[in-house]
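This is what each chain is made of:
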Amino acid sequence: MVLEVIDVSVFYDGTRVVSKVNFSVSEGVVAVIGPNGAGKTTLLKAISGLVSYEGLIRVFGKDLSTLSAEEKAKLITYVPPLVDVMPDVSVGDLILSDPLVDRGLLENYINLFELSSLLKRKLGKVSSGELSRALLAKGLSRNSRILSLDEPLSHIDLRFQLILLKHLRVLSREGKIVLIASNQLNPLLSYVDGVIALKKGEVVFTGNVTDFLKSSTLEEIYGVKFEVLLKDKYVDLIPKELS
């Protein structure tokens, strides 16, 4: 098993925000979904070794807590949705600030996310979507075996959402594990292999997309009734009313 999460809990200031989470992932792209405050970001940070946790996380059979920071960084990359930036730093300098970036891959990602014209622009003069694309290029260029992407769809437009999701599927077929925390269920669920659903820090569903859509989990976690449309393996969720 590539990734095993066993009885993992995370506390902030004495409050449990992730509670006894258990799941495993061996392949593919997995959506981590749930309402605001459900624990998605915290869970991804725990898996990436960025916050303290109780329980056991194994990556390729290794106990995550025993790995050095350098070993963790080579195995797992966490990509935040946005970061606090110094406005006078350029987009290019931000991307190159990570010593683990693979320069050969980086050129490919600069092209994929159409960043060439932005490299010399100061961060104080870019949009949130442009900054998010730069962070994605930086993170994916690390070439880590597990990718933890936190709300990667929230700031980029629909075109780049599709570019990203299609590319992540390619990476998964090449052997990478991709975790995507997001509430952008359209178009996310059309491009993932599995779903982990959280509510109040607890996992309430793990499984494939088909079983997820057949379950009552969507209404349970969001408090909204949805109409589910399926066509040629594409999913469209239409929120109808509060439940």
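Everything discussed here concerns the structure shown above.
Below, the structure is looked at part by part.

Rules used throughout
Per chain, residue numbering runs from 1 following the sequence as it is written. Local features in a predicted model are, by the rule used here, given only for residues with pLDDT of at least 70; side-chain atom pairs are given and counted only at 80 or more, and totals for whole chains, interfaces and linings are based on all residues. Values reported for side chains reflect all heavy atoms of the structure, with hydrogen atoms and water molecules removed beforehand. Partly exposed describes any residue whose relative accessible area lies between the buried limit of under 20% and the exposed limit of over 50%, with all areas from a 1.4 Å probe on protein chains only and scaled to the type maximum. In DSSP terms, a helix is any run of H or I states spanning at least four residues, a strand is any run of E spanning at least two, and both are numbered starting from the N terminus. Here a strand pair is declared whenever DSSP counts at least two bridges between the two strands. Note on contacts: a residue pair qualifies if any of its non-hydrogen atoms lie within 4.5 Å across the two residues. In this scheme Phe, Tyr and Trp rings, the latter by its six-membered ring, pair at centre separations within 6.5 Å, and the angle between planes marks the pair as stacked below 30 degrees, edge-to-face above 60, and tilted otherwise. By definition here, charges over rings are those cases where NZ of Lys or CZ of Arg is within 6 Å of the ring centre and within 35 degrees of the ring normal. Among the buried residues, those of types Ala, Val, Leu, Ile, Met, Phe, Trp, Tyr and Cys that are joined through side-chain atoms within 4.5 Å form a nonpolar core. Only C-alpha atoms enter the line fits that serve as axes; for helices the fit covers just the stretch in contact. Angles between N-to-C directions range over 0 to 180 degrees. Each C-beta atom gives one direction from the helix axis, and the arc is the one those directions make. Whenever two N or O atoms come within 3.5 Å, that pair is a polar contact, provided that in protein one can donate a hydrogen and the other can accept it, and provided that, for residues adjacent in sequence, both atoms are side-chain atoms.

1. Some thoughts on the pairing of strand β6 (residues 76-79)
Turning to step 1, where the next piece is worked out: Both faces of β6 are covered, namely the face carrying I76 and Y78 and the face carrying T77 and V79.
Turning to step 2, where the next piece is worked out: Pairing analysis gives four bridges linking β6 to strand β7 (residues 146-150), with the strands arranged parallel. Note that in β7 the partner of Y78 across the bridge is S148.

2. So, the side chain of S172
Turning to step 1, where the next piece is worked out: Residue position: S172 is located in helix α6 (residues 158-173).
Turning to step 2, where the next piece is worked out: The residues contacting S172, other than those within four sequence positions of it, are G28, V29 and D193.

3. A few points about the packing of aromatic side chains
One pair of aromatic rings is described through two measures. These are the centre distance and the angle between the planes.
Turning to step 1, where the next piece is worked out: Per the stated rule, a full pass over the model turns up four aromatic pairs.
Turning to step 2, where the next piece is worked out: Taking 6.1 Å as the distance between ring centres and 65° as the angle between the ring planes, the aromatic pair formed by Y191 and Y234 counts as edge-to-face. In this pair, Y191 sits in the loop between α7 (185-188) and β9 (194-199) while Y234 sits in strand β12 (residues 234-242), placing the two residues 43 residues apart along the sequence.
Turning to step 3, where the next piece is worked out: The ring of F160 carries the charged tip of R133 above its face, separated from the ring centre by 4.1 Å.
Turning to step 4, where the next piece is worked out: The lysine or arginine in question, R145, covers the ring of F60, its NZ or CZ lying 3.7 Å from the ring centre.

4. Overview of the nonpolar core
Turning to step 1, where the next piece is worked out: Core analysis: the largest hydrophobic core is formed by 48 residues, its most contacted members being I33, F113, L168, L189 and F212.
Turning to step 2, where the next piece is worked out: When sequence neighbours within four positions are dropped, the list of residues in contact with F212 reads I33, L189, V195, A197, F205, T217 and L218.

5. Some words on the sheet that holds strand β2 (residues 15-25)
Turning to step 1, where the next piece is worked out: Taken in spatial order, the four strands make up an open sheet running β2-β1-β4-β5, and their pairing is antiparallel. Taken across any chain shown, the strands that pair with only one partner, and hence form the sheet edges, are β2 and β5 (62-63).
Turning to step 2, where the next piece is worked out: For strand β1 (residues 3-12) and β2, the ladder comprises seven bridges, and the chain directions are antiparallel. Each residue of the ladder has a partner; that of V8, found in β2, is V21.
Turning to step 3, where the next piece is worked out: Those strands touched by helix α1 (residues 40-47) are β1, β2 and β4 (54-59), and its axis lies near 60° from that of β2.

6. Structural notes on helix α4 (residues 103-112)
One turn of the α-helix equals 3.6 residues, which is why residues spaced by three or four share an orientation.
Turning to step 1, where the next piece is worked out: All buried positions along α4 are accounted for by L106, Y109 and I110. Burial along α4 is one-sided: seen end-on, the buried residues are contained in an arc of 105°.
Turning to step 2, where the next piece is worked out: In this structure, the buried side of α4 is in contact with α3 (91-96), α5 (128-140) and α6.
Turning to step 3, where the next piece is worked out: By the N-cap criterion, in which a side-chain oxygen at the helix start approaches the backbone nitrogen of a residue two or three places on, α4 is capped by D102, the distance to G104 being 2.9 Å.
Turning to step 4, where the next piece is worked out: Among the residues trailing α4, E114 stands out with phi positive, at a value near 55°.

7. Looking at the environment of D63
Turning to step 1, where the next piece is worked out: Inspection of the secondary structure puts D63 in strand β5.
Turning to step 2, where the next piece is worked out: For D63, a relative accessible area of 26% puts it in the partly exposed group.
Turning to step 3, where the next piece is worked out: Expressed as a C-alpha distance, the spacing of D63 and E4, which sit 59 residues apart in the sequence, is 9.5 Å.
Turning to step 4, where the next piece is worked out: Look past the residues within four positions of D63 in its chain and what remains in contact with it is L56, I57 and R58.
Turning to step 5, where the next piece is worked out: A polar side-chain atom of D63 sits 2.8 Å from a polar atom in the side chain of S65.

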